[in-house]
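The primary structure of each chain is shown beneath.
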Amino acid sequence: MKSLFRKEVLQMKAYHLERPLCDVKLNQNELPRDIPSAIKSQVLVRFVQTPWNRYSKPYSEDLCERVAAAVGWKSEGVTMANGSNVLIQALILSAAVRQVVMTVAPTFSLYRLEAQALGNRVVEVPLLKDFSLPKDDFLRTMRIKKPSIIFLSNPNAPTGNLFPEEILIEIIEKAPGLVVVDEAYYPFSGKTLLPALQQYKNLVLLRTFSKAFALAGVRAGYLLAHPSVVKEVRKVLLPYCLNVLSQIVVETLLEQVVLVQKWVMESLGERERLFEGLQCVPDVSPFPSAANFICFRVKGAKKTFKGLLEQGVLVRDVSDNKLLKNCLRVSVGTAEENARFLQALKFLSRPPL
Ligand SMILES: Cc1ncc(COP(=O)(O)O)c(C=O)c1O
């Protein structure tokens, strides 16, 4: 019998993330603190005052205007969705079905998953040993494969490094199609290609409220690009995908940028302490990071992952990629969480006698 599903879908591996019980959850780069109750109450008051029986504007245009003002970009050049993952899918749907999608390896797995789901051939250029971008190799591959869309996460996940702006600009200038620079971790790196948007119509920036804004569970992300790009992406983006509650939460948090900045500063301080702590653990080598997580190499990734979990600490095993052999990734948590993690890691590397 003919299968009920497309062959691309049958061949795909489903997105899967185990969620074992743990005391210290450091596996998804979330902000370790929840939104203060006073702000949640403010959201609820606004939510009660909002009609639930009416559709809001199809593309959350009012909120896009607020985001545009906060970011410093034109509102016709902003579109929002229930998570930047949804925008990744919409971008591929608008620019690349049964084409070529290009990225690097290792990087955020969803670029590959979504590109494959839409029948694309995914070309991944391996990063160099120090996780830097092999510029000549990348440009050559781009010339030969002619990708309809390129995805680059900056800082890259799960490695945490930034790619130099000059290289990104050269790629954008020479690319035959869209270049999506995913700035999910921008608040922690402080580096953005926003000024380049004015000049390059094939450049798209992706941002999320899931990380620095502590809203992973609320689901909200946005895209910044030339208005002509937004116009096309909106044709395939499902209307009304950002529900009114998420819209209100984002609107309320946009009024709290000073607080968000404070959270980011706290995370940056903790990242430094965590890095120094990792450097002091025998047989552990952390890689510098511009995001709110640190990738580190251990003697045996699977064994260390399990050993940490047995002590109640959940990190991410990223060792599947060749370049990340024996590597794990830890999100920057609170001071207490980071201390628990370091203590658990030290316990694993203690001498047997
Ligand atoms: C590079 C990158 N982009 C996008 C996302 C997903 O963001 P969202 O929660 O907005 O879908 C993540 C989440 O881990 C990420 O690491």
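The model shown is predicted, which means the values in this text are computed figures rather than measured ones.

Draft legend 1. Representation of the site of the ligand. Around the ligand, 13 residues are found, and the nearest of them are G83, S84, N85, T208 and S210. Of the residues in the shell around the ligand, the class split is four nonpolar, eight polar and one charged.

Draft legend 2. Broad picture of the pairing of strand β10 (residues 293-297). Taking burial as the measure, the five residues of β10 include four buried ones, the bulk of the element. Summarising the sheet, strand β9 (residues 285-286) and β10 pair through two bridges and their orientation is antiparallel. The partner of P286 across the bridge, within β10, is F296. In textbook terms, the turn of a hairpin is the stretch between consecutive antiparallel strands, and for β9 and β10 this stretch comprises six residues. Two strands pair when backbone bridges link them, and β10 and strand β13 (residues 327-331) are joined in this way by five bridges, in the antiparallel orientation. Across the sheet, residue C295 finds its bridge partner in β13, namely R329.

Draft legend 3. Layout of the sheet that holds β9. Strands sit in the order β9-β10-β13-β12 across an open sheet of four strands; the sheet is antiparallel. The two strands at the open ends of the sheet, each matched to only one other strand, are β9 and β12 (316-317).

Draft legend 4. Focus on the packing of helix α4 (residues 84-95) against helix α5 (residues 109-117). Remark: α4 packs on α5, axes separated minimally by 10 Å, with the N-to-C direction vectors making an angle of 40°. Classified by the interaxial angle, the pair formed by α4 and α5 is oblique. Handedness of the α4/α5 crossing: right-handed. Across the interface between the two elements, N85, I88, Q89 and I92 of α4 pack against L110, Y111, E114 and A115 of α5. For the contact of α4 with α5, the class distribution of residues is five nonpolar, two polar and one charged.

Draft legend 5. Focus on the domain arrangement of the chain. Domain boundaries in the chain define domain 1 (7-34 + 258-347) and domain 2 (51-255). When residues of the side of domain 1 that touches domain 2 are traced back to their parent elements, those giving at least two are α1 (7-11), α11 (257-279) and β10. With five residues, α11 is the single largest residue contributor to the side of domain 1 that touches domain 2. A class-by-class count of the residues in the side of domain 1 that touches domain 2 yields 18 nonpolar, five polar and six charged.

Draft legend 6. Region of interest: helix α7 (residues 165-174). Looking only at α7, the buried set comprises L168, I171 and I172. Mapping the buried residues of α7 onto a view down its axis gives an arc of 100°, with all of them on the same face. Exposed and facing more than 90 degrees away from the buried side of α7 are E166 and K174. On its buried side, α7 packs onto α6 (135-145), β5 (149-153), β6 (178-182) and β7 (203-208).

The rules we used
- Residues numbered from 1 in each chain as written.
- Predicted model: local features only at pLDDT ≥ 70, side-chain atom pairs only at ≥ 80, totals over all residues.
- Near = placed C-beta within 6 Å.
- Nonpolar A, V, L, I, M, F, W, Y, C, P; charged D, E, K, R; others polar.
- Buried ≥ 20, exposed ≤ 12 C-beta atoms within 10 Å, placed from the backbone.
- Helix = DSSP H or I, 4+ residues; strand = E, 2+ residues; numbered from the N terminus.
- Pairing = 2+ DSSP bridges.
- Axes fitted to C-alpha atoms, helices over the stretch in contact; angles between N-to-C directions.
- Parallel < 35°, antiparallel > 145°, perpendicular 65-115°, else oblique.
- Left-handed = near helix turned anticlockwise from the far one by under 90°.
- Contact = placed C-beta atoms within 7 Å.
- Domains from an automatic or database assignment.
- Arc of directions from axis to C-beta.

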